[in-house]
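Structure at a glance
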Protein chains: 4
Amino acid sequence: MSETANSRTTERKQDHIEICLHGDVVFNGKTTGFERFAFEHAALPEISFSDIDLSTSFLGKSIGAPLMISSMTGGYSEAATLNQRLAEAAERFGIPLGVGSMRQALENRSYRESFAVVRKYAPTVQIFANIGAPEVAKGLTESEINTMLELLRADGLIVHLNAAQELFQPEGNTDFRHVLEQLALLSAKIPVPVLVKEVGCGISASAARQLIAAGVKAIDVAGAGGISWQKVEEIRYTRQFGQERRFSLQALDELLNWGIPTAQCLIDIGALKKESPGLNGIEIVASGGVGSGMDVAKSLALGAQLAASARALLKALHDGVLEETITSWLNDLRAVMFLTGTATIAELRHKTLITKP
Amino acid sequence: MSETANSRTTERKQDHIEICLHGDVVFNGKTTGFERFAFEHAALPEISFSDIDLSTSFLGKSIGAPLMISSMTGGYSEAATLNQRLAEAAERFGIPLGVGSMRQALENRSYRESFAVVRKYAPTVQIFANIGAPEVAKGLTESEINTMLELLRADGLIVHLNAAQELFQPEGNTDFRHVLEQLALLSAKIPVPVLVKEVGCGISASAARQLIAAGVKAIDVAGAGGISWQKVEEIRYTRQFGQERRFSLQALDELLNWGIPTAQCLIDIGALKKESPGLNGIEIVASGGVGSGMDVAKSLALGAQLAASARALLKALHDGVLEETITSWLNDLRAVMFLTGTATIAELRHKTLITKP
Amino acid sequence: MSETANSRTTERKQDHIEICLHGDVVFNGKTTGFERFAFEHAALPEISFSDIDLSTSFLGKSIGAPLMISSMTGGYSEAATLNQRLAEAAERFGIPLGVGSMRQALENRSYRESFAVVRKYAPTVQIFANIGAPEVAKGLTESEINTMLELLRADGLIVHLNAAQELFQPEGNTDFRHVLEQLALLSAKIPVPVLVKEVGCGISASAARQLIAAGVKAIDVAGAGGISWQKVEEIRYTRQFGQERRFSLQALDELLNWGIPTAQCLIDIGALKKESPGLNGIEIVASGGVGSGMDVAKSLALGAQLAASARALLKALHDGVLEETITSWLNDLRAVMFLTGTATIAELRHKTLITKP
Amino acid sequence: MSETANSRTTERKQDHIEICLHGDVVFNGKTTGFERFAFEHAALPEISFSDIDLSTSFLGKSIGAPLMISSMTGGYSEAATLNQRLAEAAERFGIPLGVGSMRQALENRSYRESFAVVRKYAPTVQIFANIGAPEVAKGLTESEINTMLELLRADGLIVHLNAAQELFQPEGNTDFRHVLEQLALLSAKIPVPVLVKEVGCGISASAARQLIAAGVKAIDVAGAGGISWQKVEEIRYTRQFGQERRFSLQALDELLNWGIPTAQCLIDIGALKKESPGLNGIEIVASGGVGSGMDVAKSLALGAQLAASARALLKALHDGVLEETITSWLNDLRAVMFLTGTATIAELRHKTLITKP
Ligand SMILES: Cc1cc2nc3c(=O)[nH]c(=O)nc-3n(C[C@H](O)[C@H](O)[C@H](O)COP(=O)(O)O)c2cc1C
Ligand SMILES: Cc1cc2nc3c(=O)[nH]c(=O)nc-3n(C[C@H](O)[C@H](O)[C@H](O)COP(=O)(O)O)c2cc1C
Ligand SMILES: Cc1cc2nc3c(=O)[nH]c(=O)nc-3n(C[C@H](O)[C@H](O)[C@H](O)COP(=O)(O)O)c2cc1C
Ligand SMILES: Cc1cc2nc3c(=O)[nH]c(=O)nc-3n(C[C@H](O)[C@H](O)[C@H](O)COP(=O)(O)O)c2cc1C
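Residues numbered from 1 in each chain as written. Chains lettered and ligands numbered in written order. Predicted model: local features only at pLDDT ≥ 70, side-chain atom pairs only at ≥ 80, totals over all residues. Heavy atoms only, no water.

Just so we agree on the cut-off: UniProt positions are given in the numbering used here, feature names are shortened, and annotations may be inferred rather than shown by experiment.
If you look chain A up in UniProt, it shows as Isopentenyl-diphosphate delta-isomerase from Pelodictyon phaeoclathratiforme. Heading Subcellular location of the UniProt record for chain A holds this comment: "Cytoplasm". UniProt, in the comment section headed Sequence similarities, describes chain A in these words: "Belongs to the IPP isomerase type 2 family."

Below you can see the structure in the form of structure tokens.
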């Protein structure tokens, strides 16, 4: 990759952070769907609040709480600070963490440090490497895979599917042929689990079925209701080219808010798993607009192994309250568990939600 | 209990009254559910309004109308006046009355008078003692039970389950282990019926099933839609510690409005009773946001033996219109009975409600 | 009846007209339900607009259109003018007409002229006498029946059931015992058909079943969604006694808007008639908030023989546009018939309505 | 036709264009229904955006995209410019085009040029002649048919059913007898396919069934949700006669917004086609409020062969952005196809829509 291409990438990555923090990028007229559900109050909790235990497991390892910090950044110098802070928080709470796309790290050695810092400050928790569908479609070499994994001593590789983002991205790559085929090859040869995620449009039951058949071990739904990456890229597009002209105004609204709400993904994939008991081992991550420990709790009751968050935690970090925020989310979760008489995360996954009238 | 602890308790009890009267403590975005139901008009009532009879029975005794004044206060000097007024009204209308938690009376003799006053001014109606789940969990001694019952010549003991209140209460006791077990022991040894109630979060069918198995004779659902005790305690918390930091803002809204709407509790427990004819003898009290004789009427049609009210009657008392208010509620009830052609309370319990479109 | 009682009655009847014209007396938060239904467009009407025929029959006689002027007034001197105008319109369009309650006419000869005027100006159409349930409950003598019928050369007698009105009326009679029994006796001995109606709270399927068993030949549902007679009487009550104190404010709102929406009555009674083919001969009148020929059309599609209106036509009369209004309603009806390809009223009764989404 | 009649017709046609462009003529409180549906996101499109192919066929001929320019104008001098522009656009995108009613062309030679211009500027695409139901009802002579077809070297004849428009039109013809019968005769003798359309009130499944039995080859639903021709004619009526007096105000609102929403027509006719596999060859055109390529995409998923638009494209033409608008619609369509992993229009017709919650 040329110098210019690299500086363009750095700029894009900084734009992303800035737009995610300050732009109008949330879904409009579409929500995660969590708000449609409620737990049933247990007048007789029969537990003591202080006995509530949040620990659980993810892909075979113990974790401190059913929460993950989603893939966000890396690949340019300023990213190192963000990644260090996220790593410190992950380490403190004993929760998994993903890094942002590592394409830069593959293309240019000088950007690797911004990823490596993560393992330095989070020595004991699960860390996940990250790469995009277009890169996978081209076929990753063994050496590329090793570079990514070794840099982080990674516990797994996350592949993100981001068709809508690429469609709206001025410089987007919209060739999504062969992704599945290459995912199957990748899963077969890589020594760690492959996790596949979206970035805000969600994963349907039929996509999940295909991913599982390709050997994927975990699916992060990253559904609609939080940030819309179409909106992020649309802001970048209009900054470059002025007022939108690609799509009609009427369709644009629907395209910018395109995607399957997070709770819907969980329900649909949950139904799929119920039908096929062979899929029991596949773990589901709930993300896309998760904004509190209440959402985490509902995610679990809807079948997730854990929930994950990117933008809300980035905002908290930016405001200097990252650890306070995570603490409050875990308190939310404990409150729900107390008021439903649930002592462990495993039990929480068996609670039935009720649909609000 | 020390002097200071006692004065702190007095202060808390006064805070409760003050906050209930003047604070923003009602559920937000959640209602009792009564408003979703309506009676069908009877164009041919075939009765005379003047023949309508409101008398019915509760736990084996005749009462003047299917209404109860819910447990509210006692245990500090100023409570005596409130309790006297409530007792006078109960006596006048021939309806049952509960007192507030009697923990203070057990711990300190000097506060007993504020309870005893009730029996003095309500010599002939049913009066219910009251104690909280945390006290029951610790195991009540025979002497404690006797103290409470004798002080009031009580017709029964009400145990309140208030997990959400304790969770939000700055000084709350969140150990709810062994409540059921101890309720069973208590029911077995106490000479009067045990009634269990919530305080605004409602009792689900499954909790009801457990309570009945433990020997409870009546259940007061005290569901969501009226006062939220989480909100009352949250006001007290922020007065002490400033802005909320325990929970995330997003979850807080759902936790403050947590609970099963009153009508939903009645429907769910009604279905449970229909399934198990053995439970016919268990009497259900409808409370939580009851605000008129219309709500009383709907409560009965949804399976309640009677309805109960705390906050609305406290407000009326505070405004000097307690008896006028009760009179108007009984008129509401008569109006509904006339317009549905219902001469007796027993018949009203067999009316079918229709769901509003 | 004494002079004073008579002048009080005159005053009440004038109050009614004045309050109906100028007061806030329509249902609040409850509608007729007609707005939930729509006809399906017929792109191929296969008829000519000019061939549309509105004539139909009511209780065995031909009428010019499926519309009736509902019972309104009479019994005091000024009523004569109103009744003359209504009679002229009925005669012009060849449609049936009811007069207001004839209790005064029975009690005092001097008020009879205000009724007799109707037959003078409407010599050829059906005219219906009118009396209230409380009078029927007491038992009408043969001479009273004859007086009413002869005064109008009446084609039938309408009995109105108005329990909710009597409940709210300051001087109301709330003894509704024996109405059914007396209706059966009345139906057996009277030489013309008995029609029973409500006055704005509607008639349920179960009330309809009882009425039919008592020998009633037609039922006018007079359902909720138009004028609330509770509101009319509440205005009169507060004029006399100041602010409401009989009922709680919360229940009052539901009581003032009490009743079964007109369309619901038609649907429920329609289902009853379908179940029992023996009831085919019973004719249903749709009234209560009918406000256009669109409502008339929907009434018929929901099973009515014709629709009737009081308040809207009284307003039109007051504004000097009674005949223009009826003309526009009949045009509405023709428009619906054209756009659904319906040439006759009989066919219109077999159109299926669709529920709006 | 006399000079005056002709100049009146020219005036009406110009009024139509002007009112359609500037008047308040869209449905109020009724939408196409497309907004209730959504596609499911495909996280794994498995295609490349650049491979998406929009070409399809209509009535046996290949077309560049599943879009048609609906019948609009012709028959007066100024119409020639409009028709030229529409023809140029149709030719550029390789899509079908209909002209406005050709009654004038039949009646007066001098107006023929405004139609003939279309074939001049759109030499290779499908062009459809157009005539109204009232003309068909009277029976078209062979020479009239030939005149219309030869003028355009037409690929088919569109018959429009516009009962509601004629009803509101001051000079409207509301004799719709014999339309079906004459359509059958016409279909039998004409050498090109007959397509029948509404103009904004939609075609029901039962009307579709009748049309197909009469030999019609394609149905354009032209449903409710876009322009209401009742409103267009009502504006003309009040310009001539002042405030509405034909219909009651309450009914008027429902009559002006009368019709079956476009999506509903597609669903109902789709169900009809599923029931009767013999109807497979009948092609459905989706129109009435189509406003973007998103609507086009949904139309196809709801069973349409293609979608058509009149008013939105007229507005675009008026604003000088006709071709840009069509380009953006086709981009919308490609975006939907990419995000649902759909490479061809044939596949798009088999996508299942989900109903929004
Ligand atoms: C600033 C930012 C950068 C992101 N970069 C990546 C990335 O490189 N790789 C990836 O898989 N997801 C990336 N995401 C997407 C998130 O991992 C997540 O799927 C998405 O934001 C939805 O979750 P949320 O609503 O909690 O933010 C990024 C998100 C943010 C906010
Ligand atoms: C000021 C106040 C004090 C209360 N104290 C008690 C109490 O000591 N014990 C108890 O069981 N419930 C107590 N309650 C709860 C009520 O009995 C009742 O369950 C609850 O307020 C819901 O009913 P409502 O909506 O009619 O107020 C209290 C309520 C109020 C308003
Ligand atoms: C001014 C007025 C007086 C009425 N008086 C009578 C009456 O004497 N007898 C009767 O059966 N109904 C009476 N009604 C009720 C009407 O007949 C009708 O049932 C009711 O108003 C509902 O229909 P609407 O919504 O079309 O007004 C009266 C209505 C009005 C507006
Ligand atoms: C200005 C104008 C003139 C029209 N003239 C005709 C016509 O002559 N013949 C016809 O079949 N439809 C005519 N239509 C109706 C359209 O073909 C179409 O069915 C209707 O407008 C609904 O589609 P839309 O919502 O896309 O406009 C006309 C529409 C417009 C806007």
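Let's talk about the relation of the copies chain C and chain D
Definition in use: Only residues with pLDDT of at least 70 in both copies contribute their C-alpha atoms to the least-squares superposition of the copies.
If you rotate chain C by 90° and push it 0.0 Å along the axis, it lands on chain D with an RMSD of 0.0 Å. When the rotation and shift are considered jointly, the pair of chain copies conforms to a four-fold rotation axis. Taking the C-alpha atom as reference, chain C places Pro357 of chain C closest to the rotation axis, 9.1 Å from it.

Regarding the pairing of strand β11 (residues 306-309) of chain D
Residues and elements named next belong to chain D. Here is the rule we go by: Think of it in three bands: residues with accessible area under 20% of the maximum for their type are buried, residues over 50% are exposed, and the middle band is partly exposed, with areas taken using a 1.4 Å probe on protein chains only. Comment: elements are numbered from the N terminus, with helices defined as DSSP H or I runs of at least four residues and strands as E runs of at least two. Should DSSP find at least two bridges between two strands, the strands are taken to pair. Looking down the strands as they point away from the viewer, one classifies a crossover as right-handed if the path from the first strand across the helix to the second runs clockwise.
Residue alternation in β11 divides its side chains into two sets, Leu306 and Ala308 and Ala307 and Ser309, and both sets are buried. For strand β4 (residues 67-69) and β11, the ladder comprises three bridges, and the chain directions are parallel. Its bridge partner being in β11, Ile69 is matched across the sheet by Ser309. In this sheet, β11 lies alongside strand β10 (residues 283-286) in parallel orientation, the contact comprising two bridges. The partner of Ala286 across the bridge, within β11, is Ala307. Taken together, β10, helix α13 (residues 293-301) and β11 form a β-α-β motif whose crossover is right-handed.

Focus on the pattern of salt bridges
Stated formally: Counted as salt bridges are all cases of a side-chain nitrogen of Lys or Arg within 4 Å of a carboxyl oxygen of Asp or Glu.
Per the stated rule, a full pass over the model turns up 56 salt bridges over all chains. Note that Glu135 of chain A is salt-bridged to Arg103 of chain A, the shortest N-O span being 3.2 Å. Highlighted residues: Glu135 of chain A in helix α5 (residues 133-138) and Arg103 of chain A in helix α3 (residues 103-107), separated in sequence by 32 residues. Overall, the relative accessible area of 12% leaves Glu135 of chain A in the buried class. Taking the shortest distance from any N to any O, the salt bridge between Lys298 of chain D and Glu254 of chain A comes out at 2.7 Å. Remark: Glu254 of chain A occurs in helix α11 (residues 249-256) and Lys298 of chain D occurs in helix α13; the pair is interchain, linking two chains.

Let's talk about the interface of chain C and chain D
Spelled out, the test is: Only heavy atoms matter for contacts: two residues are in contact if any of them lie within 4.5 Å across the pair. Defined in terms of a 1.4 Å probe, buried area is the accessible area two parts forfeit on being brought together, summed over both. Side-chain classes are defined by residue name, with Ala, Val, Leu, Ile, Met, Phe, Trp, Tyr, Cys and Pro counting as nonpolar, Asp, Glu, Lys and Arg as charged, and the others, Gly among them, as polar.
Taken together, the contact between chain C and chain D spans 28 residues of the former and 32 residues of the latter. Summing both sides of the interface, chain C and chain D together bury roughly 2400 Å²; the carbon and sulfur share of this comes to 65%. Of all residues in chain C, the largest losses of buried area upon contact with chain D belong to His41, Leu44 and Glu46 of chain C, amounting jointly to 28% of the total for that side. The interface formed by chain C and chain D includes two salt bridges. The dominant element in the side of chain C that touches chain D, judged by the number of residues it contributes, is helix α15 (residues 322-339) of chain C, at eight residues. Class assignment for the residues of the side of chain C that touches chain D results in 14 nonpolar, seven polar and seven charged.

Structural notes on the packing of helix α13 (residues 293-301) of chain A against helix α11 (residues 249-256) of chain B
The test is simple: Fitted lines through C-alpha atoms serve as axes, helices being fitted only where they are in contact, and the angles separating the N-to-C directions of these axes extend from 0 to 180 degrees. Roughly parallel refers to an angle under 35 degrees, roughly antiparallel to one over 145, roughly perpendicular to one between 65 and 115, and oblique to any angle outside these ranges.
Across the interface, α13 of chain A lies against α11 of chain B with an axial gap of 7 Å and an inter-helix angle of 70°. Overall, the two elements α13 of chain A and α11 of chain B adopt an arrangement that is roughly perpendicular. Counting all contacts with α13 of chain A, which are made through Met294, Asp295 and Lys298 of chain A, the residues of α11 of chain B involved are Gln250, Ala251, Glu254 and Leu255 of chain B.

Considering the packing of α13 of chain A against helix α15 (residues 322-339) of chain A
Residue and element names in this part refer to chain A. Going by this rule: Two helices crossing with the near one rotated counterclockwise from the far one by less than a right angle form a left-handed crossing, whereas a clockwise rotation gives a right-handed crossing.
Between α13 and α15, the least distance of the axes is 7 Å, while the angle of their chain directions is 55°. By the criterion of interaxial angle, the relationship of α13 to α15 is oblique. Taken as a pair, α13 and α15 cross one another with a handedness that is right-handed. From α13, Gly293, Met294, Val296 and Ala297 reach across to α15, where they touch Trp329, Asp332, Leu333 and Val336. In terms of residue class, the contact of α13 with α15 is built from six nonpolar, one polar and one charged.

Structural notes on the UniProt feature "binding site: substrate" in chain A
All names here are of chain A. Here, UniProt's "binding site: substrate" annotation points to Arg12, Lys13, Ser101, Met102, Arg103 and Gln165. Inspection of the secondary structure assignment puts Lys13 in helix α1 (residues 3-22). Within the fold, Met102 resides in the loop between β5 (97-98) and α3. Its relative accessible area of 0% is what places Met102 among the buried residues.

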